[in-house]
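# Residue-level structure breakdown
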Amino acid sequence: QSLRRIGEVDGKIQAFLQVDEDNAKRVARELDEQLASGGEQGLLFGLPAGIKDNMLTEGSLTTCASKFLSNYKAIYDATAVQKLKQAQAVLMGKLNLDEFAMGGSNENSAFHPTYNPWNTEYVPGGSSGGSAAAVAAREVYFSLGSDTGGSIRQPASFCGIVGLKPTYGLVSRFGLVAFASSLDQIGPMTKNVEDAAYVLQAIAGHDPMDSTSANVSIPDYSSALTGDVKGLKIGVPKEYIGEGVAPEVREAVLAALKVLEAQGAVWEEVSLPHTEYAVAAYYLISSSEASSNLARFDGVRYGKRSENAENLLDLYHLSRSEGFGPEVKRRIVIGTYALSSGYYDAYYVKAQKVRTLIKQDFDNVFAKYDVIVGPTVPTPAFKIGSQVDDPLTMYLNDILTVPVNLAGIPAISVPCGLVDGMPVGLQIIGKALDESTVLRVAHAFE
Ligand code: GLN
């Protein structure tokens, strides 16, 4: 069924970079046989799933939507992918993204853009735009995305689906091609909150292969979906509903708060005073880490090797010049600059100090409130081509998502209405490792 739907709509949506038809059919056959013989079923038994193409899948291409890795076949599975296989999901293929997960519109993919299923003149968001569009267009039942600065939640908001960024360290990053290691986190993208709880259940957990993996016991997330939010205390940051947020988006969020209020939750305005510095801190920190992480793409070890090089320096230089797209180069240049001696204290260290202040803002609010609620993005999806030449405007779209990554805490985006026919998302932010409360509130609202 999933293969048929992909055949019908993916020509138009272009969410996939590769469809692994043979593999999907083989696994489906095996699961059928297992069903016939009455074997025990995995948590995600038979569900068609898509994987963002920055997670390694053994034996198949993992390109990160980059020319640098257009022929790169992974030799092992990312832990999250492995866990989906154990839960008996059927992996349908690899989904489009902005190159190396850098971007918010999928227009930075080196291969092709992905189109928003609600209206193909609009972007699906990014960087997990393929993952969001494939779920929204019902090509797969669920997908995995990665979120470094909003890349699960922002496309979920733009495509009218649910996207959860877990607490940093809850889901193993082993086999996720690193963008910014202190921020990256894998999470579920689903049609509804209940599915998000099940997929999270399947992929969360300690992994000795990831030194930043949290060694904590994993609760039963679906049992948190009680529908009960009586007495729950919600903080609504004034910075998240003020200037710069589209009035219709603000209205949708206030209407959502009324729904929660009617169920017995209480909300009050609070303040996260350092929000205005989050985008600057995020782009300095993420680009610094990216410049270091992407140093491995040297033309020697794997991926692209320029044919035109006559010596080793040329080989590095030409392979990287030919292999990376303009946005990736921009980040490498920004990051290398911020880390260079003489500027390190002024940019990188300063950004880390701001990161601490942002985390303290959240700690202060969470001392009195259970969750923080606001919009996921200040606007609905924008038109393809409208921001592509304006990186700064593109970066500023991330103002309400990046603080969560800087603080390492969990947040979900759930659909909360339409503005001019395009979906917008409600963001629910929780305390570290308190995915259960985040899911409970999202479920009660949805
Ligand atoms: N839009 C942000 C960026 O371009 C987020 C990316 C992400 O979360 N992977 O960096």
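The model shown is predicted, which means the values in this text are computed figures rather than measured ones. (Residues numbered from 1 in each chain as written. Predicted model: local features only at pLDDT ≥ 70, side-chain atom pairs only at ≥ 80, totals over all residues. Heavy atoms only, no water.)

### Let's talk about the overall build of the chain
- Across its full length, the chain holds 14 helices and 11 strands.
- Radius of gyration (C-alpha) of the chain: 21 Å, near the 22 Å computed for a compact globule of 446 residues.
- If you line up the chain on its principal axes, its C-alpha atoms span 70 × 65 × 45 Å.
- The proportion of buried residues among the 446 residues of the chain is 58%.
- A total accessible area of about 17400 Å² is found for the chain, and carbon and sulfur atoms account for 51% of it.
- Side chains of the chain carry 38 positive and 51 negative charges; the gap between the two charge centres is 2 Å. (Helix = DSSP H or I, 4+ residues; strand = E, 2+ residues; numbered from the N terminus. Rg over C-alpha atoms; globule rule 2.2 N^0.38 Å. Buried < 20%, exposed > 50% of the residue type's maximum accessible area, 1.4 Å probe, protein only. Areas by Shrake-Rupley, 256 points an atom, 1.4 Å probe, with all protein chains shown as cover. Lys, Arg positive; Asp, Glu negative; His and termini not counted. Charge placed at Lys NZ, Arg CZ, Asp CG, Glu CD.)

### Describing the site of the ligand
- Neighbouring the ligand are 14 residues, the closest being T148, G149, S151, Y282 and R331.
- At 2.6 Å from an oxygen atom of the ligand is found a side-chain nitrogen or oxygen belonging to S151.
- A distance of 3.4 Å separates an oxygen atom of the ligand from a polar atom in the side chain of Y283.
- Compared with its free state, where it exposes 290 Å², the ligand has 99% of that area covered by protein.
- Here the residues of the shell around the ligand are counted per class, giving five nonpolar, six polar and three charged. (Near = heavy atom within 4 Å. Polar contact = N/O pair within 3.5 Å; in protein donor to acceptor, adjacent residues only side chain to side chain. Nonpolar A, V, L, I, M, F, W, Y, C, P; charged D, E, K, R; others polar.)

### A few points about the UniProt feature "active site" (unreviewed entry) in the chain
- Look at the UniProt record and you will see "active site" (unreviewed entry) annotated at K52, S127 and S151. Despite a sequence span of 100 residues, these residues sit close together in the fold, their greatest C-alpha distance being 10.9 Å.
- Within the element layout of this structure, K52 appears in strand β2 (residues 48-52).
- With a relative accessible area of 0%, K52 lands in the buried category.
- Apart from the residues within four sequence positions on either side, K52 is in contact with K94, L95, L97, A101, S127, S128, S131, L144, G145, S146 and S151.
- Among the structural elements, S151 can be located in the loop between β4 (142-146) and α5 (153-159).
- Residues in contact with S151, not counting those within four places in the same chain, are K52, A101, G103, G126, S127, S128 and S146.
- At 2.7 Å, the side chain of S151 forms a polar contact with the backbone nitrogen of S127. (UniProt positions renumbered as here; feature names shortened; annotations may be inferred. Contact = heavy atoms within 4.5 Å.)

### Considering empty space enclosed by the protein
- Under the criterion given, the structure shown has one cavity of 30 Å³ or more.
- In this structure, the largest cavity occupies an estimated 40 Å³ of space.
- Counting residues per element, the lining of the largest cavity draws most heavily on helix α11 (residues 345-366), which supplies three residues.
- Classifying every residue of the lining of the largest cavity gives five nonpolar, two polar and one charged. (1 Å grid on protein atoms, 1.4 Å probe; cavity = no way out; pocket = protein on both sides within 12 Å on 5 of 7 lines; lining within 4 Å. Points joined across faces, edges and corners; volume = space filled by probe spheres on them.)

### Brief notes about the side chain of S128
- With respect to the secondary-structure elements, S128 resides in the loop between β3 (90-95) and α4 (129-136).
- Within the structure, S128 has its side chain in polar contact with the backbone oxygen of S151 (distance 2.8 Å).
- Apart from residues lying up to four places away in sequence, S128 is in contact with K52, N106, G145, S146, S151, I152, P155 and M189.

### Comments concerning the nonpolar core
- Grouped together as the largest cluster of nonpolar side chains are 58 residues, with contacts concentrated most on L84, L144, L200, I234, L426, I428 and L439.
- Top contributing element to this core by residue count: helix α6 (residues 193-203), with seven residues.
- If we ignore the near neighbours within four places in the chain, the residues touching L426 are V253, A256, V373, G374, T376, I412, S413, V414, C416 and F445.
- Residues V365, I372, Y395 and A407 belong to the second largest nonpolar core, which totals 50 residues. (Core = buried A, V, L, I, M, F, W, Y, C linked by side-chain atoms within 4.5 Å.)

### A word on α6
- Among the 11 residues that make up α6, eight are buried, leaving the element largely enclosed by the rest of the structure.
- The set of residues buried in α6 consists of V193, D195, A196, A197, V199, L200, A202 and I203.
- Contact partners of the buried residues in α6: α3 (79-86), β4, β5 (162-165), β6 (186-190), β10 (411-419) and α14 (435-445).
- Capping the start of α6, N192 holds a side-chain oxygen 3.3 Å from the backbone nitrogen of E194, two or three residues further along.
- Just past α6, the residue G205 takes up positive phi, approximately 135°.

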